[in-house]
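The residues making up each chain are set out below.
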Amino acid sequence: MADEDEPRGICVRDVTAASFIEAYAEHLKNSDKFELPVWTDTVKTGSYKELAPYGDDWYYIRAASIARRVYLNPGVGVGQLQRWYGGNYRNGVRTEHYRKAASGIIRSVLIQLEEMKVTEKLEHGGRRISRVGQQDLDRIAGTVFREGEED
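Residues numbered from 1 in each chain as written. Predicted model: local features only at pLDDT ≥ 70, side-chain atom pairs only at ≥ 80, totals over all residues. Heavy atoms only, no water.

Along its length, the protein chain carries six helices and four strands. In the protein chain, the order of α-helices and β-strands from amino to carboxyl end is α-α-α-α-β-β-α-β-β-α. Viewed in the frame of its principal axes, the protein chain has a C-alpha envelope of about 60 × 35 × 30 Å. Burial status across the protein chain gives 40% buried among its 151 residues. At a minimum sequence separation of 6, the contacts of the protein chain that also span at least 24 residues come to 62%. Split by element, the accessible area of the protein chain, about 9700 Å² in all, is 47% carbon and sulfur. Separation between the mean location of the 22 positive side-chain charges and that of the 24 negative ones in the protein chain comes to 12 Å. (Helix = DSSP H or I, 4+ residues; strand = E, 2+ residues; numbered from the N terminus. Buried < 20%, exposed > 50% of the residue type's maximum accessible area, 1.4 Å probe, protein only. Contact = heavy atoms within 4.5 Å. Areas by Shrake-Rupley, 256 points an atom, 1.4 Å probe, with all protein chains shown as cover. Lys, Arg positive; Asp, Glu negative; His and termini not counted. Charge placed at Lys NZ, Arg CZ, Asp CG, Glu CD.)

Written out as structure tokens, the structure reads:
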């Protein structure tokens, strides 16, 4: 029973994905280091989409989701993230086929996260969360966890 009283470190795995992504997207939005590219209001997230995203904060949400993915799967690259965020291309009456997500969006997010020192490149390819980035993500996950306990 003494284990319940001891404070333990909360990481990204301990909180739900939706609540963490929402909190980290808000953190990125308030950060002056993470900038919104000019083309975000016109670009689609994949060739299988008909329209660009409606929300104003979609780029921050995608960046938070990508940071969470890199945290959970170290060594992930642009191609694997393209497959993760891809979807079915609907051809009307004809058969649906799977299409990858847009690589330019994923690459620009990873470059900005690398400039913020959240991620770092691996020598054999792919990205992983840096020590500073892991501390940052775990701190935000801890605040989300404590907010969830209060509710």
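Having put the structure on the table, let's press on.
As enumerated under the stated definition, the model contains five aromatic pairs in all. Summarising the aromatic geometry, the rings of Phe20 and Tyr24 are spaced 5.8 Å apart at their centres and angled 5 degrees between planes, so their arrangement reads as stacked. Of this pair, Phe20 and Tyr24 both sit in helix H2 (residues 17–30), four residues apart, roughly one helical turn. The same class applies to Phe20 as to Tyr24, namely buried. Here Trp58 and Tyr59 contribute two aromatic rings whose centre-to-centre distance is 5.8 Å and whose plane-to-plane angle is 90 degrees, an arrangement assigned as edge-to-face. Across this residue pair, the class does not change: Trp58 and Tyr59 are buried. Put simply, the rings of Phe34, Trp39, Trp58, Tyr59 and Tyr60 pair up and form one aromatic cluster. In this structure, Arg62 packs its charged tip against the face of Tyr85, placed 4.3 Å from the ring centre. (Phe/Tyr/Trp six-rings, centres within 6.5 Å; stacked < 30°, edge-to-face > 60°. Lys NZ or Arg CZ within 6 Å of the ring centre and 35° of its normal.)

This part takes up the packing of H2 against helix H3 (residues 58–72). Between H2 and H3, whose axes approach to 8 Å, the crossing angle comes to 120 degrees. Our classification of the angle between H2 and H3 gives oblique. For the pair H2 and H3, the crossing hand works out as right-handed. For the pair H2 and H3, the contacting residues are Ala17, Phe20, Ile21, Tyr24, Ala25, Leu28 and Lys29 in the first and Tyr60, Ile61, Ala63, Ala64, Ser65, Ala67 and Arg68 in the second. Tallied by class, residues from the contact of H2 with H3 come to eleven nonpolar, one polar and two charged. (Axes fitted to C-alpha atoms, helices over the stretch in contact; angles between N-to-C directions. Parallel < 35°, antiparallel > 145°, perpendicular 65-115°, else oblique. Left-handed = near helix turned anticlockwise from the far one by under 90°. Nonpolar A, V, L, I, M, F, W, Y, C, P; charged D, E, K, R; others polar.)

As for its position among the elements, Thr40 is in the loop between H2 and H3. Taking the relative accessible area as the measure of exposure, Thr40 reaches 9% and is therefore buried. A distance of 3.2 Å separates the side chain of Thr40 from the backbone oxygen of Pro37, its partner in a polar contact. Ignoring sequence-local partners within four residues, the contact set of Thr40 consists of Trp58 and Tyr59. (Polar contact = N/O pair within 3.5 Å; in protein donor to acceptor, adjacent residues only side chain to side chain.)

Further remarks concern helix H5 (residues 103–115). Its 13 residues place the ends of H5 18 Å apart at the C-alpha level, agreeing with the 18 Å of an ideal helix rising 1.5 Å per residue. Within the sequence span of H5, burial applies to Ile105, Ile106, Ser108, Val109, Leu110, Gln112 and Leu113. Lys117, located one to two residues past H5, shows a positive phi value of around 70 degrees. (Expected span 1.5 Å × (residues − 1).)

Moving on, we come to a negative patch on the surface. On the surface, Glu147, Glu149, Glu150 and Asp151 cluster together to form a negatively charged patch. On the secondary structure map, Glu149 appears in helix H6 (residues 131–150). (Patch = residues over 30% accessible without salt bridge, like charges linked within 9 Å, V, L, I, M, F, W, Y side chains within 5 Å. Salt bridge = Lys/Arg side-chain N within 4 Å of Asp/Glu carboxyl O.)

Within the largest apolar cluster, 36 residues are counted, with the highest numbers of intra-cluster contacts made by Phe20, Tyr24, Phe34, Ile66, Ile106 and Leu137. Broken down by secondary-structure element, the contributors of at least two residues to this core are H2, H3, helix H4 (78–85), H5 and H6. Per element, the largest residue contribution to this core is ten residues, and it comes from H3. Beyond its immediate sequence surroundings of up to four residues, Phe20 is in contact with Val12, Val15, Arg68, Leu137, Ile140, Ala141 and Val144. (Core = buried A, V, L, I, M, F, W, Y, C linked by side-chain atoms within 4.5 Å.)

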